[in-house]
Structures are given as structure tokens and as C-alpha cells.
Amino acid sequence: MKRTLTGLAAMAVLGLAGAANAQTAAPTATPNDYGKPESWLCLPGRADACAVDQTTTIVQADGKTSVEIFKAAAAPAYDCFYVYPTVSTDPGGNSDMSIDEAERRVVEQQLARFASTCRVFAPMYRQVTLAALRAVMMGQGAPGDAALAYGDVRDAWNWYLKTENKGRGVILMGHSQGSRMLLELLKSEVDGKPAQKQMIAAYVIGMNTPVEGGKYGSIPLCDKADQAGCLVSYVSFREASPPPANSRFGKTDAEGRRSACVNPAALLAGKASTDEAPLQAYLSAKGFGAVSGAAPKPFAKDLTVSTPFVSMPGLLSAKCVAEGDFTYLSVKVNADPVDPRTDEISGDVVVGPVTLKDWGLHLIDVNVQMGDLVALAGRQAKAYGVK
């Protein structure tokens, strides 16, 4: 675990500063053939990494439990195109195209639940690996090729548009390095292009989205649930541990553009993103987030969980906060020491005995709002015109 989380820390150097250069050079390697099923982590209509159990134990404030059964939609009327974060444990600077446990695990946490409302597409891509990011942190240069990674995502997107989209609405989704890829894709392949007509929304999570006048390019930030063609973006920190001065997440950029923060839970409640709203979080019973983490503390006294996920209504709430140079989702744990539920959640990046406070709740950026994101997708799809 220590090795993996050290790699995540390196992503702050390359993912936030260096991967922005993905558009400056074309990949020199042979392009992937996205017409081959093996080039995809998830495709509709097959038993793959997204066809995994999402059953959830619901734990109420009084300790009573129930089981929520997950069911994928039989014939979704719109699509979700997802780019996963930095998870590859391959030894090189860029990953290969083989599907490993790391890629399977992250779509279990961040994408598979969306199959209840949309067709899910998740391309494999030759992402910058954890090994490359560790090398950056150790001062050994940047062996990873961000342009290669972006070229793959672009090619997969174009294949999807040409062969699978067929005029359907689509939500673009990503986290961390995947969101960095999406920001470039939105800029170069969507904004002002014919594909923008197909965009229901874009969910750019766990990455700074620089905005001017409430827009990324011409794409506005979402300010209500029944709005299509807009963008959701946030980075999450504990209310009790806001971004420190050295945090790269949520920071206003050198041009003075603030990082976007849109709170899906608040939009669903008919509120502004700066208003506090309860979160419908789906937390891993195994302690997983974007990458593997420590086993979670008991979710409630004397509770044994046998499902892959746990949800605790009312335990978490959040609002968007702008303080100094930082704009972020402030997540509050509504702890009650007299009820049987936990008063704490895991999700911090920890290296050895040290919690990296500049990373906030990066490992569970998506988990804390998973139910809200899925519900928002349905609302935005209806606003787009999906029947």
C-alpha cells in the first residue's frame, strides 16, 4: 500500500503540472485498435470489469440495516464514457493494454454503478503509471509519456463516436489522471465541435478545472440538476482539514482562474453548490477507493458487512467552499458519539505513518458522491431529451 500511495503523491507533480502537455505532441507508438473488444475495460452487453456486484448494506443512524440490491438497466437510452485515474502497477513509464486487477478494481468503485442508468464505455489506455510517477518524486525525470496516454483516449473517443454513438447523448466521466485527459478532450475534441451536441454533461472529478466566468471554454458549470450541456467538477477535502498552503488540488492557477466546484448533492436538493447538502455516498466495505487502501474501521458497532459497499444516510454532507486561493468540496462527517455508527471514514492518502493532507479525500472523491452522481446523470439525461 505504501508504494501505491507514494505513486499517487507523485501524480500531483506530473498529473497537475506535466500532463497538461498531453496536447503538445502526437504519440509515436502504434495507435491502438479500438475496434478490438480487448482494447476496452468495459463495453455494453458483455460480462466484463463493469459487470460486478454493487450490492450495498444500508446502515441507518439507529444501527438498523437493510440490503440494497443493484440492477443494471436492460436498455439504457444514453451512454457514459469513462477514463480511469492513475492505477496501473505496470513497471514502465506507460502502462500496457492488458487488463489487470488495478483497472478492474477502479471501475468497480467508480463506474459500474452507472450501468443502472447508462451504457458504460471505458477504454484501456497507455496511461502514465504509478512507477513513472514515483520516479518523478525521486527526482529521476519523467519517464511517462502523457501525450501517448491522451492520444489513446482521443482515439477511443473518436472510435466510440464513429461506431457506437449513433446520435445518442453521452456523459463524459473521469477521475484524476482520467480527468486530466478529459479536460484536454473537452478542449480539443468537444468544445465547439459537432460532438458537443451529444454531450449531456461532463463529470471531471478529482482534478483542477480552471474556469473563467463560470465556464471551461464555452462549457458552463452546472448550476441546477435539470441542466444539460454543462460540467461538474470538484476536489474533496475534510471540513476539519481544508487544503494546506502546499496543496495542488483546488488551487487557483497562475492565470488567476479558480478551480471549479460543483456539488451534485446540492443541485439535486435545489440548492446552490455553496449550500450544505447530505451526500449519498457508497463506500467500499473493503477499503478501496481509486486505489487499494487500508481496511476500513467498523461501520457500526457489532456490524459485520458481507456486501461490497456500505451506505450510511445522513453521515456525510458537503458544500463548495472558496477560501484564499482554494476552491473545493468541503466534506463534513456528521458524527454522533451516542449512535452505533462510525464517527469517522477512511479515504485519505497515507504514506507510512503520514497522512498527506494536501491530497484531501482524493481516494474517495467519487465514492462520497456516487449516489448523487448517478441520480444527477438521470436528471440531466431527461433535460437533454432522453426518454
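Coordinates for the structure precede this section.
Right, let's walk through the structure included here. (Residues numbered from 1 in each chain as written. Predicted model: local features only at pLDDT ≥ 70, side-chain atom pairs only at ≥ 80, totals over all residues. Heavy atoms only, no water.)

1. Side note on the environment of Pro243
Turning to its location among the elements, Pro243 is positioned in the loop between strand E12 (236-238) and strand E13 (258-259). The sequence separation of Pro243 and Lys357 amounts to 114 residues, and the corresponding C-alpha distance is 7.0 Å. When residues no more than four places from it in sequence are discounted, the contact partners of Pro243 are Phe237, Phe249, Phe326 and Tyr328. (Helix = DSSP H or I, 4+ residues; strand = E, 2+ residues; numbered from the N terminus. Contact = heavy atoms within 4.5 Å.)

2. Here we look at the packing of aromatic side chains
One pass over the structure, following the stated rule, counts 11 aromatic pairs. Measuring from ring centre to ring centre gives 5.6 Å for Tyr34 and Trp40, while their planes differ by 75°; the resulting arrangement is edge-to-face. Of the two residues, Tyr34 and Trp40, neither departs from the other in class, the shared state being buried. An aromatic cluster is defined as three or more aromatic residues linked by ring pairs; in this entry it consists of Tyr34, Trp40, Phe81, Phe121, Trp157, Trp159 and Tyr160. In this structure, Arg113 is placed above the aromatic ring of Tyr282, and the distance from its NZ or CZ to the ring centre is 3.8 Å. Positioned above the aromatic ring of Phe309 is the side chain of Arg113, whose terminal nitrogen or guanidinium carbon lies 5.0 Å from the ring centre. (Phe/Tyr/Trp six-rings, centres within 6.5 Å; stacked < 30°, edge-to-face > 60°. Buried < 20%, exposed > 50% of the residue type's maximum accessible area, 1.4 Å probe, protein only. Lys NZ or Arg CZ within 6 Å of the ring centre and 35° of its normal.)

3. Structural notes on the nonpolar core
Ranked by internal contacts, the top residues of the largest apolar core, which has 108 residues, are Leu111, Phe114, Leu186 and Tyr203. Among the elements that make up this core, the one with the highest residue count is strand E7 (residues 199-205) (seven residues). (Core = buried A, V, L, I, M, F, W, Y, C linked by side-chain atoms within 4.5 Å.)

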